[in-house]
Amino acid sequence: MCRGISVFLFDLSLVFTNNNKMLEQLLIFTRGGLILWTCKELGNALKGSPIDALIRSCLLEERSGAASYNYDAPGAAYTLKWTFHNELGLVFVAVYQRILHLLYVDELLSMVKREFSEIYDPKRTVYHDFDETFRQLRKEAEARAEELKKSKQVGKPVSNSKKQGQVQKTGFAGGNGKKSEGSLANDGGDGDGKKGRRPENGLSNGNFVDTVEAKVNGTFNGKENTSSNVGAFDVNKLQKLRTKGGKKTDTVVSKGSKEEPKKKLTKKNRVWDDSPPEAKLDFTEPVGENADNNIEVVAADHGESMMDKEENFSSESESEDEDEIGKGSKPDPKKKGWFSSMFQSIAGKANLEKSDLEPALKALKDRLMTKNVAEEIAEKLCESVAASLEGKKLASFTRISSTVQAAMEEALVRILTPRRSIDIMRDVNAAKEQRKPYVVVFVGVNGVGKSTNLAKVAYWLQQHNVNVMMAACDTFRSGAVEQLRTHARRLQIPIFEKGYEKDPAIVAKEAIQEATRNGSDVVLVDTAGRMQDNEPLMRALSKLIYLNNPDLVLFVGEALVGNDAVDQLSKFNQKLADLSTASNPRLIDGILLTKFDTIDDKVGAALSMVYISGAPVMFVGCGQSYTDLKKLNVKSIVKTLLK
């Protein structure tokens, strides 16, 4: 067996030595999608579509500020790295297998970018003469990476031997623990300083674990043992206490051992009279199998839904907004005078650098965070905008602040604009042609207004002559069935209910079957609110979605949340993916934002939710009546975010 393992490791080392210099693919294309050059020498057929996935998931989603992108395909796992030439509108992408960890890719991309930009001509589409240039650049980058690798390999054994010697000395140092520890922290080796350095928080990694274990075992007797390990388990102090008061501790222990633990008293139910107690507090009315009888008609017309009204957005002058951002991006008067800045705005700047963009981006980031955008999302957006502007030439009579704001506005519009159709009426008609109901499941955390906004969606569908059925699958919260029953009575809509303490997945399945028999066009499934960290409830939700395969999974979230929006949506999607038994699990398809009328200009939750999930905002709840449901106005949101 050992021989087989050694042969396998030898073959694996041969694979690495043969492939550690090999890229899978390197290509150059324009922002319009025209491929200008690919490396014919590599000629490796990529599995899957990593380039398309990079464009769709990173470049178009304003995640281009990331360092790399990982793509998983059947039988392969790739890492993609890229760089831009913003002035020429070129994209340079390198693809290699993730397991190889190539060290020279970043340097090779920068060298290819520099050389190709010199021969680039917008009228040319073929660059066969670049093959020889790339061959030389690759050899040069590989040679530098090999030299760096050899220097690290030479430096590592020396530093490791020093560390081991110091660890052995500290074991017998007595009161010199401080000195030996300081020498250990200062010895980092060549290119390996992080492993030998001790973090400030007392945690450790690498070879420093030996010294920490020695401290815990009591080998350090100096001052460092007491100062650095506050609250740690000290063996020496425990031994001193035992020698001083051994008998007292023994007696205390012996007394404590004789005492038996008292039994916890359980509170008995109080009996007020001789009548037998009720088994359950379930006051729901008994219903039949169809569960749609005895619906009392209360009201029929509540007005026209706001979904069908066009919202007119009056665009104000943008100069005021640019002036406010310009305040935060004004250069220091000590560094640059008024005349030089005015001359630069007239003549234009050669190329924008990262240092030029930082003041304006910082002001924009602070502004987005004041609008309730999650800090992580605001930072990633600014990084993406910086990557798209770096290297571009600033036009004449144009300020950096206005350029940055225009780029951010384009990015926000691109993120918030749905990439697929969100026309539910078209999907309902398509399902009607197939003679099956269109099923919508409402999910979300507690108290966000799932039942109320479900009734708003039902009213909007009802106005378009769609036969709607409600399914009361919140069998957990007290009063949930009665609440939905009240909405159904007011809207004259049938409701399918089975009471409480039932499996919601089975209730939803029976509701869909009943809707098929009765000819209902849409089934709106109400579910219980659950926190994203509650695994049993998330498992039940995953079962409901897997068993019924709904046409639309709507996440109902509050517009009031800030950073918590990222946590809620990401964990909901993660739990639905992890707990599903399907090979291709269903995730969140759309977002319904509630309480939008209470946030004034704090509209950042919409941006955070769309950015983290990729799902579009399909409905916006903006009041308490059935008509208070509207579409998301992307231009209005973007204007408010940058105002």
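Reading guide: rules and limits
- Residues numbered from 1 in each chain as written.
- Predicted model: local features only at pLDDT ≥ 70, side-chain atom pairs only at ≥ 80, totals over all residues.
- Heavy atoms only, no water.
- Helix = DSSP H or I, 4+ residues; strand = E, 2+ residues; numbered from the N terminus.
- Contact = heavy atoms within 4.5 Å.
- UniProt positions renumbered as here; feature names shortened; annotations may be inferred.
- Buried < 20%, exposed > 50% of the residue type's maximum accessible area, 1.4 Å probe, protein only.
- Pairing = 2+ DSSP bridges.
- Axes fitted to C-alpha atoms, helices over the stretch in contact; angles between N-to-C directions.
- Expected span 1.5 Å × (residues − 1).
- Salt bridge = Lys/Arg side-chain N within 4 Å of Asp/Glu carboxyl O.

1. Describing the overall build of the chain
Argument step 1. Each helix and strand in the chain was counted, giving 23 helices and 13 strands.
Argument step 2. Contacts spanning at least 24 positions in sequence make up 75% of the contacts within the chain whose residues lie at least 6 apart.

2. A look at the UniProt feature "domain: SRP54-type proteins GTP-binding" (unreviewed entry) in the chain
Argument step 1. On the UniProt side, "domain: SRP54-type proteins GTP-binding" (unreviewed entry) is annotated at positions that read residues 616-629 here.
Argument step 2. This span, residues 616-629, is 0% helix and 43% strand, and a straight line between its end C-alpha atoms measures 16 Å.

3. Some words on the pairing of strand β1 (residues 25-30)
Argument step 1. Burial of β1 is extensive: 6 of the 6 residues sit out of reach of the surface.
Argument step 2. Neither face of β1 is left uncovered, since the one carrying Q25, L27 and F29 and the one carrying L26, I28 and T30 both have all their residues buried.
Argument step 3. Examined bridge by bridge, β1 and strand β5 (residues 90-97) share 6 bridges and lie antiparallel to one another. Across the sheet, residue L26 finds its bridge partner in β5, namely A94.
Argument step 4. Both β1 and strand β2 (residues 35-38) contribute to a ladder of 3 bridges, which runs antiparallel. Following the sheet pairing, L27 is matched in β2 by T38.

4. Brief notes about the sheet that holds β5
Argument step 1. Read across the sheet, 5 strands follow the order β2-β1-β5-β4-β3 without closing on themselves; strand pairing throughout is antiparallel. What marks the edges here is a single partner per strand, and that holds for β2 and β3 (69-73). Each adjacent strand pair in this sheet contributes to an overall mean axis angle of 25°, direction not counted.
Argument step 2. By the bridge criterion, 5 bridges tie β3 to strand β4 (residues 76-85) in an arrangement that is antiparallel. Looking at the pairing, D72 lines up with A77 of β4.

5. A closer look at helix α14 (residues 375-389)
Argument step 1. With 15 residues, α14 should reach 21 Å at 1.5 Å per residue; the first-to-last C-alpha distance of 21 Å fits that figure.
Argument step 2. Of the residues making up α14, those classed as buried are I377, A378, L381, C382, S384, V385, A386, A387 and L389.
Argument step 3. Packing partners of the buried residues in α14 comprise β4, α13 (354-370), α15 (400-416), α21 (564-579) and α22 (604-613).
Argument step 4. Count one or two residues on from α14 and you reach G391, which has phi positive near 95°.

6. Some points on the environment of L579
Argument step 1. Here L579 lies in helix α21.
Argument step 2. Residue classification places L579 among the buried positions, given a relative accessible area of 15%.
Argument step 3. As for L579 and K543, which are separated by 36 residues in sequence, their C-alpha atoms are 8.4 Å apart.
Argument step 4. Beyond its immediate chain neighbours, meaning those up to four positions away, L579 contacts E535, M538, R539 and S542.

7. Some details on the pattern of salt bridges
Argument step 1. Going through the model one piece at a time under the given rule, you end up with 25 salt bridges.
Argument step 2. Residues R138 and E142 are paired through a salt bridge, measuring 3.9 Å at the closest nitrogen-oxygen approach. Of this pair, R138 and E142 both sit in helix α4 (residues 130-171), 4 residues apart, which is roughly one turn of the helix.
Argument step 3. Residue classification places E142 among the buried residues on the basis of a relative accessible area of 14%.
Argument step 4. K543 is the partner of D503 in a salt bridge, and the nearest nitrogen-oxygen pair spans 2.7 Å. Note that D503 is positioned in the loop between β8 (495-496) and α19 (504-518) and K543 in helix α20 (residues 535-548), a separation of 40 residues in sequence.

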